[in-house]
Amino acid sequence: MALRKEQIIEEALQLLNESGLEGVTLRKLAKRLGVQAPALYWHFNNKAALVNEMAEAILQTEFADLQPRSDSEPWQDWLIHTLKRLRKALLSYTDGGRVVAGAHLSRTMAKISEVAIQSLHSAGMSIWKSRLIVLTATHYTFGHVIEEQTSPPSPEEIKNFDLEQFKKEHPLVVQGIEEYFASGRTVDDLFHDGLKIIVGV
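Conventions and cut-offs
- Starting from 1, residues in each chain are numbered consecutively following that chain's sequence as written.
- This being a predicted model, a pLDDT of at least 70 is required before a residue's local features are given, and a value of 80 or more before pairs of side-chain atoms are given or counted; all residues contribute to the totals for chains, interfaces and linings.
- Computation of side-chain values: all heavy atoms of the structure, hydrogens and water removed.
- The helix count covers DSSP runs of H or I at least four residues long, the strand count covers runs of E at least two residues long, and both are numbered beginning at the N terminus.
- Working rule for helices: expected span equals 1.5 Å times residues minus one.
- Exposure above 30% relative accessible area and the lack of any salt bridge qualify a residue for a patch; like charges then connect within 9 Å, and the nonpolar side chains Val, Leu, Ile, Met, Phe, Trp and Tyr within 5 Å.
- Only the protein chains shown count as cover for residues, and the accessible areas themselves come from Shrake-Rupley with a 1.4 Å probe.
- When a carboxyl oxygen of Asp or Glu is within 4 Å of a side-chain nitrogen of Lys or Arg, the pair counts as a salt bridge.
- Any residue under 20% of the maximum accessible area for its type is buried, any over 50% is exposed, and the rest in between are partly exposed; the area is computed with a 1.4 Å probe on protein chains only.
- Two aromatic rings from Phe, Tyr or Trp, using only the six-membered ring of Trp, form a pair when their centres are within 6.5 Å; if the ring planes differ by under 30 degrees the pair is stacked, by over 60 it is edge-to-face, and anything between is tilted.
- Whether a charge lies above a ring is judged from NZ of Lys or CZ of Arg, which has to be within 6 Å of the ring centre and within 35 degrees of the ring normal.
- Axes here mean lines fitted to C-alpha atoms, for a helix over just the part in contact, with angles spanning 0 to 180 degrees between N-to-C directions.
- Each angle gets one of four labels, with under 35 degrees taken as roughly parallel, over 145 as roughly antiparallel, 65 to 115 as roughly perpendicular, and the rest as oblique.
- Left-handed describes a crossing whose near helix is turned anticlockwise from the far helix by less than a right angle; the clockwise case is right-handed.
- Here, two residues are considered to be in contact whenever any of their heavy atoms come within 4.5 Å of each other.
- Neither His nor the chain ends is counted toward charge; the positive residues are Lys and Arg and the negative residues Asp and Glu.
- Every charge is mapped onto a representative atom, which is NZ of Lys, CZ of Arg, CG of Asp or CD of Glu.

(A) Quick look at helix 10 (residues 171–182). Over its 12 residues, helix 10 extends 16 Å from the first C-alpha to the last, a length consistent with the 16 Å expected when each residue adds 1.5 Å. Once helix 10 ends, the next one or two residues include G184, with phi positive near 95 degrees.

See the structure below:
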């Protein structure tokens, strides 16, 4: 029975969750599917093409039906809500941020950008400024998620880290972190507050 493209992508996403992006190889994927690697080349010329389709599948979890901003909705609210959905999609898979950020030919990501620029432009903003705000906010979202999905320090690294010396050398960094999270704020709040600064609210 011939392999379906959707079947390969689904298996690749399962492998992604288990092994991270580095663990997704055409050789491993072929073994899991019980075929020879050349069978995958019928659908994907290389890993980059596979990753692009994986990105599409990840984004479709949140953006199967993306609607532009309504006339009554402030563009800032629309953009923040849309990028919170983007973050949710990226976090739904191990290394989802890296997968989508590296998928430079993603049709869905292009559509998100197009609709976002349109939503800001329809609020009276120039296309030039609309694109820069959307680009900056999108890059912020990718960077935030990639950092969230980075492996934490190993026990050995933590053991050898001199926290007291770090506090002495970087008092404002430590004070800023402690003050921000002291009131019960979470990493979700941190992402949201960063977006608010970018869009100016």
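Now that the structure is up, let's keep going.
(B) Representation of a nonpolar patch on the surface in the model. There is a patch of nonpolar side chains on the surface, built from V173, I177, F181, V187 and L190 and spanning about 390 Å² of accessible area. Contributing elements (two or more residues each) for the nonpolar patch: helix 10 and helix 11 (187–199). Sort the elements by how many residues they give to the nonpolar patch and helix 10 lands first, with 3 residues. Relative to the elements of secondary structure, L190 occurs in helix 11. Look at L190 and you get partly exposed, because its relative accessible area is 34%.

(C) Layout of the packing of aromatic side chains. Within the structure shown, the criterion is met by 3 aromatic pairs. Ring geometry for Y140 against F191: centres 5.4 Å apart, planes inclined by 10 degrees, an arrangement best described as stacked. A residue pair is termed long-range when its members are at least 10 positions apart, and Y140 in helix 7 (residues 127–148) and F191 in helix 11 qualify at 51 residues. Residue classification places F191 among the buried residues on the basis of a relative accessible area of 1%. When the centroid spacing of 5.1 Å and the interplanar angle of 80 degrees are considered together, the rings of Y180 and F181 count as edge-to-face. Classification of Y180 by relative accessible area gives buried; the value is 18%. Over the ring of Y180 we find R185; its NZ or CZ atom is 4.8 Å from the centre of that ring.

(D) Representation of the pattern of salt bridges in the model. As enumerated under the stated definition, the model contains 13 salt bridges in all. Residue K5 pairs with E53 through a salt bridge whose shortest N-O separation is 3.8 Å. Taken together, the residues K5 in helix 1 (residues 5–19) and E53 in helix 3 (residues 47–63) connect sequence positions 48 residues apart. Of the residues examined, K5 reaches a relative accessible area of 31% and is grouped as partly exposed. Judged by its relative accessible area of 14%, E53 falls in the buried class.

(E) View of the packing of helix 7 against helix 11. In contact at an axis separation of 10 Å, helix 7 and helix 11 are set at 160 degrees when each is read in the N-to-C sense. One way to sum up the angle between helix 7 and helix 11 is to call them roughly antiparallel. The element helix 7 and its partner helix 11 pack so that their crossing is right-handed. Two secondary-structure elements touch here, helix 7 through T136, A137, Y140, T141, H144 and E148 and helix 11 through V187, L190, F191, G194, L195 and I198.

(F) Spotlight on a positive patch on the surface. On the surface, R27, K28, K31 and K47 cluster together into a positively charged patch. The leading source of residues in the positive patch is helix 2 (residues 26–33), at 3 residues. Secondary-structure assignment places K31 in helix 2. Here K31 falls in the exposed class, since its relative accessible area comes to 72%.

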